[in-house]
Amino acid sequence: IYYEEVSMEYIIAKKDKLNVKIQMSNILYIGTIVNRPRVLMFVTDEGIYESYGKLKEFEVNSSLTFKRCHRKYLVNLRRIKAVDVENRQIIFDNNKITPIECSRRNLTDVVRSWKML
């Protein structure tokens, strides 16, 4: 089992050796961790949680809400506040979260999907 899927509303991830149930709507983005293969980080308003898994599997299971914006990120379309097209950055509704980069290849698709929500 990579990330434990309770339903498409929640996932189970770890923070400080605690298993925590995270609501999908609370996740701003999911990313990979450099030098830690198959470990995903779930960035939420409350902090960063980790779990084993693959972005590809997560992308397939939640394609309506989460879109790939970069080879190492999936963004929650419902949590995007703005898209800086010129600098190719995703800006979230939580100002404490640093904007993340969006690849040139994925930018158009992310913007189109975000506008349709």
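Nothing here was measured: the structure is a model prediction, and the numbers come from that model. (Residues numbered from 1 in each chain as written. Predicted model: local features only at pLDDT ≥ 70, side-chain atom pairs only at ≥ 80, totals over all residues. Heavy atoms only, no water.)

**Some remarks on the overall build of the protein chain**
Part 1 of the argument: Each helix and strand counted, the protein chain has two helices and 11 strands in total.
Part 2 of the argument: Counting helices and strands in the order they occur from the N terminus, the protein chain gives β-β-β-β-β-β-α-β-β-β-β-β-α.
Part 3 of the argument: Oriented by its inertia axes, the alpha-carbon framework of the protein chain measures out at about 40 × 25 × 25 Å.
Part 4 of the argument: For the protein chain, the residues scored as buried account for 43% of the 117 residues in total.
Part 5 of the argument: The contacts in the protein chain between residues at least 6 apart in sequence include a share of 42% that link residues at least 24 apart.
Part 6 of the argument: For the protein chain, the accessible area works out to roughly 7,400 Å², and carbon and sulfur atoms hold 47% of it.
Part 7 of the argument: Across the protein chain, the 21 positively charged side chains and the 14 negatively charged ones have centroids separated by 4 Å. (Helix = DSSP H or I, 4+ residues; strand = E, 2+ residues; numbered from the N terminus. Buried < 20%, exposed > 50% of the residue type's maximum accessible area, 1.4 Å probe, protein only. Contact = heavy atoms within 4.5 Å. Areas by Shrake-Rupley, 256 points an atom, 1.4 Å probe, with all protein chains shown as cover. Lys, Arg positive; Asp, Glu negative; His and termini not counted. Charge placed at Lys NZ, Arg CZ, Asp CG, Glu CD.)

**With respect to the nonpolar core**
Part 1 of the argument: Ranked by internal contacts, the top residues of the largest apolar core, which has 20 residues, are Tyr29, Cys69, Val75, Ile90, Phe92, Ile100 and Val110.
Part 2 of the argument: Excluding residues that lie within four positions of it along the chain, Tyr29 makes contacts with Met41, Phe42, Val43, Tyr73, Leu74, Val75, Phe92, Ile97 and Ile100. (Core = buried A, V, L, I, M, F, W, Y, C linked by side-chain atoms within 4.5 Å.)

**Some words on the environment of Leu55**
Part 1 of the argument: Position of Leu55 relative to the elements: it lies in helix H1 (residues 55–61).
Part 2 of the argument: On the accessibility criterion, Leu55 (5% relative accessible area) is buried.
Part 3 of the argument: Between the alpha carbons of Leu55 and Arg68 there is a distance of 8.7 Å; along the sequence they are 13 residues apart.
Part 4 of the argument: In contact with Leu55, not counting residues within four places along its chain, are Ile30, Thr32, Leu40, Arg68, Arg71, Lys72, Tyr73 and Leu74.

**A closer look at the confidence of the model for the protein chain**
Part 1 of the argument: Averaged over every residue, the pLDDT of the protein chain is 90; residues scoring 70 or more account for 93%.
Part 2 of the argument: Every residue in residues 1–7 is under pLDDT 50, and counting partners more than four places away or in other chains gives 17 contacts. (pLDDT = per-residue confidence, 0-100.)

**What to know about the sheet that holds strand S10 (residues 89–92)**
Part 1 of the argument: Strand order across the open sheet formed by three strands is S9-S10-S11, with antiparallel pairing between neighbours. If you trace the sheet from one side to the other, it starts and ends with strand S9 (80–84) and strand S11 (100–101), each paired once.
Part 2 of the argument: In the sheet, S9 pairs with S10 via four bridges, with the strands oriented antiparallel. From the neighbouring strand, Ala82 faces S10, where its bridge partner is Ile91.
Part 3 of the argument: Of the strands in this sheet, S9 and S10 touch helix H2 (residues 104–116), which is tilted by about 145° from S9. (Pairing = 2+ DSSP bridges. Axes fitted to C-alpha atoms, helices over the stretch in contact; angles between N-to-C directions.)

**Topic: unusual backbone geometry**
Part 1 of the argument: Of note in this structure, Lys17 is not a glycine but carries a positive phi near 65°.
Part 2 of the argument: Mapping Lys17 onto the fold places it in the loop between strand S2 (10–15) and strand S3 (18–23).
Part 3 of the argument: Taking the relative accessible area as the measure of exposure, Lys17 reaches 82% and is therefore exposed.
Part 4 of the argument: The phi angle at Asn35 is positive, at roughly 65°, despite the residue not being glycine.

**Structural notes on the environment of Ile100**
Part 1 of the argument: Looking at the secondary structure, you find Ile100 in strand S11.
Part 2 of the argument: For Ile100, the contacting residues outside a window of four places in its chain are Tyr29, Cys69, Tyr73, Val75, Arg88, Gln89, Ile90 and Phe92.

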